[in-house]
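Reading the structure
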Amino acid sequence: QVQLMESGGGLVQAGGSLRLSCAASGIRFSIYRMGWYRQAPGNQRELVATITGAGTTNYIDSVKGRFTVSRDNAKNTVYLQMSSLKPEDTAVYYCNTDVWARQYWGQGTQVTVSS
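What comes next is a walk through the structure. Just so it is clear, the model here is predicted, and its values are computed rather than measured.

1. Quick notes on the side chain of Glu 6
- Tracing the backbone shows Glu 6 in strand 1 (residues 3-7).
- One buried charged residue, Glu 6, forms no salt bridge at all, with the nearest opposite charge on Arg 45 at 7.4 Å.
- Within the structure, Glu 6 has its side chain in polar contact with the backbone nitrogen of Gly 108 (distance 2.9 Å).
- Non-local contacts of Glu 6, meaning those with residues more than four positions away in its chain, are made with Ser 21, Cys 22, Trp 36, Tyr 93, Tyr 94, Cys 95, Gly 106, Gln 107, Gly 108 and Thr 109.

2. Notes on the sheet that holds strand 1
- Spatial strand order, 1-3-8-7: 4 strands in an open sheet with antiparallel pairing. Where the open sheet ends on each side, the last strands, each with one partner, are strand 1 and strand 7 (67-72). Averaged over all adjacent pairs, the angle separating strand axes in this sheet is 15°, with direction ignored.
- With 6 bridges joining them, strand 7 and strand 8 (residues 77-82) adopt antiparallel strand pairing. Residue pairing across strands places Asp 72 opposite Thr 77, the latter belonging to strand 8.

Reading the values: rules and limits
Residues numbered from 1 in each chain as written. Predicted model: local features only at pLDDT ≥ 70, side-chain atom pairs only at ≥ 80, totals over all residues. Heavy atoms only, no water. Helix = DSSP H or I, 4+ residues; strand = E, 2+ residues; numbered from the N terminus. Buried < 20%, exposed > 50% of the residue type's maximum accessible area, 1.4 Å probe, protein only. Lys, Arg positive; Asp, Glu negative; His and termini not counted. Salt bridge = Lys/Arg side-chain N within 4 Å of Asp/Glu carboxyl O. Polar contact = N/O pair within 3.5 Å; in protein donor to acceptor, adjacent residues only side chain to side chain. Contact = heavy atoms within 4.5 Å. Pairing = 2+ DSSP bridges. Axes fitted to C-alpha atoms, helices over the stretch in contact; angles between N-to-C directions.

Shape is all these values report; function is a separate question.
In structure tokens:
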């Protein structure tokens, strides 16, 4: 079955950096678009960034120039490099993919940015 497992979250000061990883299994990873979402307390889950199997990326405006999504198809892993972090980036970050119209999610990893 499809499994996604995030890692790399933590506590960081404003202006700092973190790199999140998401290891995928149970899918032919290289052909699927992968997404990073986040959910802050009291807020809806929002899409942060996506990357296609070919490496085309998209970002929400609030993270453009600060976050970079990448993937290593040989390792079945997608990354989210986050720099210049702000307190408003604090959230649980989730990895996501869509396989045959079914959504799959990881368990999430907490990112906390202190001011």
